[in-house]
Amino acid sequence: MPVLVCDLLCTELWRERALPLVVKLIETNPPPDLSLLKLFVILNHESSLVNLLELCLYNKEACVALDDIASDLAEYCCRQLLALLSEKEEDEAGSPEIQQLRRMSNTATSAVRFGCLSIVRYMTDYAKDLPLSVLYALLENNDVVQILVEVVERRSWEVRNGDSLQRWENGRWTAAPTGQPQTLTQAEAQVWLALNNLLMDQVFRAKYRFTTANKSIVLKLRRYMTEELIDQIPPLADLRMQLDQLAVFDSPLPTDVARASAVMIQQVSTVRETLATAVHSWQALVAAQAERLLHVSQEEKEAHFESISSVLVQSEAPRCAVCGKEAHKRCARCKNEWYCCRECQMRAWPGHKPVCDVLSEDLHLHSK
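First, a word on what this report is: a plain description of the structure on this page. (Residues numbered from 1 in each chain as written. Predicted model: local features only at pLDDT ≥ 70, side-chain atom pairs only at ≥ 80, totals over all residues. Heavy atoms only, no water.)

Let's talk about the packing of helix H5 (residues 96-125) against helix H8 (residues 186-200)
Packing of H5 against H8 brings their axes to within 9 Å, and their N-to-C directions diverge by 30 degrees. Classed by the angle they form, the pair H5 and H8 counts as roughly parallel. H5 and H8 meet at a crossing whose hand is left-handed. In this structure, H5 contributes Phe 114, Leu 117, Ser 118, Val 120, Arg 121, Tyr 122, Thr 124 and Asp 125 to the contact, and H8 contributes Gln 186, Ala 187, Gln 190, Val 191, Leu 193, Ala 194, Asn 197 and Leu 198. Partitioned by chemical class, the residues of the contact of H5 with H8 number nine nonpolar, five polar and two charged. (Axes fitted to C-alpha atoms, helices over the stretch in contact; angles between N-to-C directions. Helix = DSSP H or I, 4+ residues; strand = E, 2+ residues; numbered from the N terminus. Parallel < 35°, antiparallel > 145°, perpendicular 65-115°, else oblique. Left-handed = near helix turned anticlockwise from the far one by under 90°. Contact = heavy atoms within 4.5 Å. Nonpolar A, V, L, I, M, F, W, Y, C, P; charged D, E, K, R; others polar.)

Some thoughts on the nonpolar core
Counting 69 residues, the largest nonpolar core has Leu 57, Leu 73, Tyr 76, Leu 148, Trp 192, Leu 195 and Leu 221 as the members making the most contacts within it. A per-element tally of this core places helix H4 (residues 70-85) first, with nine residues. Beyond its immediate stretch of four places on either side in the chain, Leu 57 contacts Met 1, Ala 62, Cys 63, Leu 66, Leu 73, Ile 119, Tyr 122 and Tyr 126. Counting 33 residues, the second-largest nonpolar core is a separate cluster that includes Leu 101, Val 322, Cys 344 and Val 358. (Core = buried A, V, L, I, M, F, W, Y, C linked by side-chain atoms within 4.5 Å. Buried < 20%, exposed > 50% of the residue type's maximum accessible area, 1.4 Å probe, protein only.)

Considerations on the sheet that holds strand E2 (residues 164-169)
The three strands are arranged E1-E2-E3 in an open sheet whose pairing can be described as antiparallel. Pairing within the sheet leaves two strands with one partner each, and these edge strands are strand E1 (158-161) and strand E3 (172-175). In this sheet, neighbouring strand axes are inclined to one another by 35 degrees on average, regardless of whether the strands run parallel or antiparallel. Bridging between E2 and E3 involves four bridges; their strand directions are antiparallel. The residue bridging Gln 166 from the neighbouring strand is Ala 175, located in E3. (Pairing = 2+ DSSP bridges.)

Section: the environment of Ile 119
With respect to the secondary-structure elements, Ile 119 resides in helix H5. For the pair Ile 119 and Ala 74, spaced 45 residues apart in sequence, the C-alpha to C-alpha distance is 8.4 Å. Not counting residues up to four positions away in its chain, the partners in contact with Ile 119 are Val 50, Leu 53, Glu 54, Leu 57, Leu 73 and Cys 77.

So, the environment of Gln 186
Within the secondary structure, Gln 186 is located in helix H8. Here the alpha-carbon distance between Gln 186 and Phe 114, two residues 72 residues apart in the chain, equals 9.2 Å. Beyond its immediate stretch of four places on either side in the chain, Gln 186 contacts Glu 54 and Ser 118.

Comments concerning the pattern of salt bridges
Under the counting rule described, the total for this entry stands at 16 salt bridges. Its salt-bridge partner being Lys 60, residue Asp 129 comes within 3.4 Å of it at the nearest N-O pair. Within this pair, whereas Asp 129 is found in the loop between H5 and helix H6 (132-141), its partner Lys 60 is found in helix H3 (residues 60-65), the two being separated by 69 residues in sequence. Overall, Asp 129 belongs to the partly exposed group, its relative accessible area being 29%. By sharing partners, the salt bridges in this structure join Glu 12, Glu 16, Arg 79 and Arg 272 into a single network. (Salt bridge = Lys/Arg side-chain N within 4 Å of Asp/Glu carboxyl O.)

Some thoughts on the packing of aromatic side chains
For the structure shown, the criterion picks out five aromatic pairs. When the ring of Phe 114 is compared with that of Trp 168, the centres are 5.1 Å apart and the planes differ by 15 degrees; the resulting orientation is stacked. Taken together, the positions of Phe 114 in helix H5 and Trp 168 in strand E2 put the pair 54 residues apart, joining distant regions of the chain. When the ring of Tyr 208 is compared with that of Phe 210, the centres are 5.1 Å apart and the planes differ by 80 degrees; the resulting orientation is edge-to-face. One exposure class covers both Tyr 208 and Phe 210, and it is buried. (Phe/Tyr/Trp six-rings, centres within 6.5 Å; stacked < 30°, edge-to-face > 60°.)

What to know about helix H1 (residues 2-28)
The terminal C-alpha atoms of H1 lie 38 Å apart, and with 27 residues this matches the ideal 39 Å at 1.5 Å per residue to within 8%. By the largest-angle criterion, Ala 18 marks the main kink of H1, which is about 40 degrees, and a proline, Pro 20, follows within four residues. Looking only at H1, the buried set comprises Val 5, Leu 8, Leu 9, Thr 11, Glu 12, Leu 13, Trp 14, Arg 15, Ala 18, Leu 19, Val 22 and Ile 26. Close packing links the buried residues of H1 with helix H2 (37-56), H4, H5, helix H13 (271-277) and helix H14 (282-294). (Expected span 1.5 Å × (residues − 1). Bend = angle between axes of the 7 residues up to and from the residue.)

Points about the packing of H1 against H2
Helix packing for two helices is described by the angle between their axes and how far apart those axes are. Between H1 and H2, the least distance of the axes is 10 Å, while the angle of their chain directions is 155 degrees. The angle between H1 and H2 places the two elements in the roughly antiparallel class. You can see that H1 and H2 cross each other, and the crossing is left-handed. The segment H1 lies against H2, with Leu 4, Val 5, Asp 7, Leu 8, Thr 11, Glu 12, Trp 14, Arg 15, Leu 19, Val 22 and Ile 26 engaging Leu 39, Ile 42, Leu 43, His 45, Glu 46, Leu 49, Val 50, Leu 52 and Leu 53. For the contact of H1 with H2, the residue count by class is 14 nonpolar, two polar and four charged.

This is a description of form; function is not addressed.
As structure tokens, this is what we get:
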């Protein structure tokens, strides 16, 4: 588990500090045989790591195995959730390659940020078995309670594209069904379950200090706690009652006696800073990597498509990428995704397009 987190932090640093330099290089001096295949792999490596951690941390043993690096993962998740709240529309200007790279990056980072919601929820499930530094990372350093309340207020798992409403489900933006009751998405449910842990679990209540400011922010949750929501997540009934009491009575004081101590020793998350200082010049790093990043040899293409082919070989009929039903139609461009009908293919297209553009382009080059 610590190896996965270190790999995740390395990839995050590369995306933040090296990727903008790579984009600038493509804009100013694009190579004639430019290929975005390797950039696509790197961008999706971070989301793959988050997805793997999301699956592992569902189990208590995996959470405990994080040990001291758990606080670094908590800090990482808080950074991604803050980035989710600060997302803004990007300029669509630029060459087709830049626009394609931007779409790839947006899809990958969305998967990372929504995956972090699940990781935070699982870490709050097993908080009493994690190092004390995790609680301070979530409550003191970042106040994840306020962050999650803001996510609820903005409904970050939904975006409106013209007249249609899209929701983040199954790792992609899909059109929300109309004319029927809306069920909770996984991202929305994870937000509420994490908030329930943070505000109801005695482990967190012993540490969290209410002020006039954060109390008013937390009380905003009451307007969203409808009967429909509680029908889908029954434990929230107790949280609603707790918020009603908080609105009437004085804010509860933390019960942790350690706050009364004159001296408090806190473990600091240093893995990211250590990794960052190991690179003396990001410009020099990108210059050294540019040749390998933006060019793909014929041997690399053959190896890549051979690996894809091995994954696509299945012992049973392929399943629709949207609904999971038996599929008989395949994407005509990339030959990678399967669908049961045209409606499912159209629903999946906004999220599939960045992947399809890269794979179909390299498939075309490979066939020459």
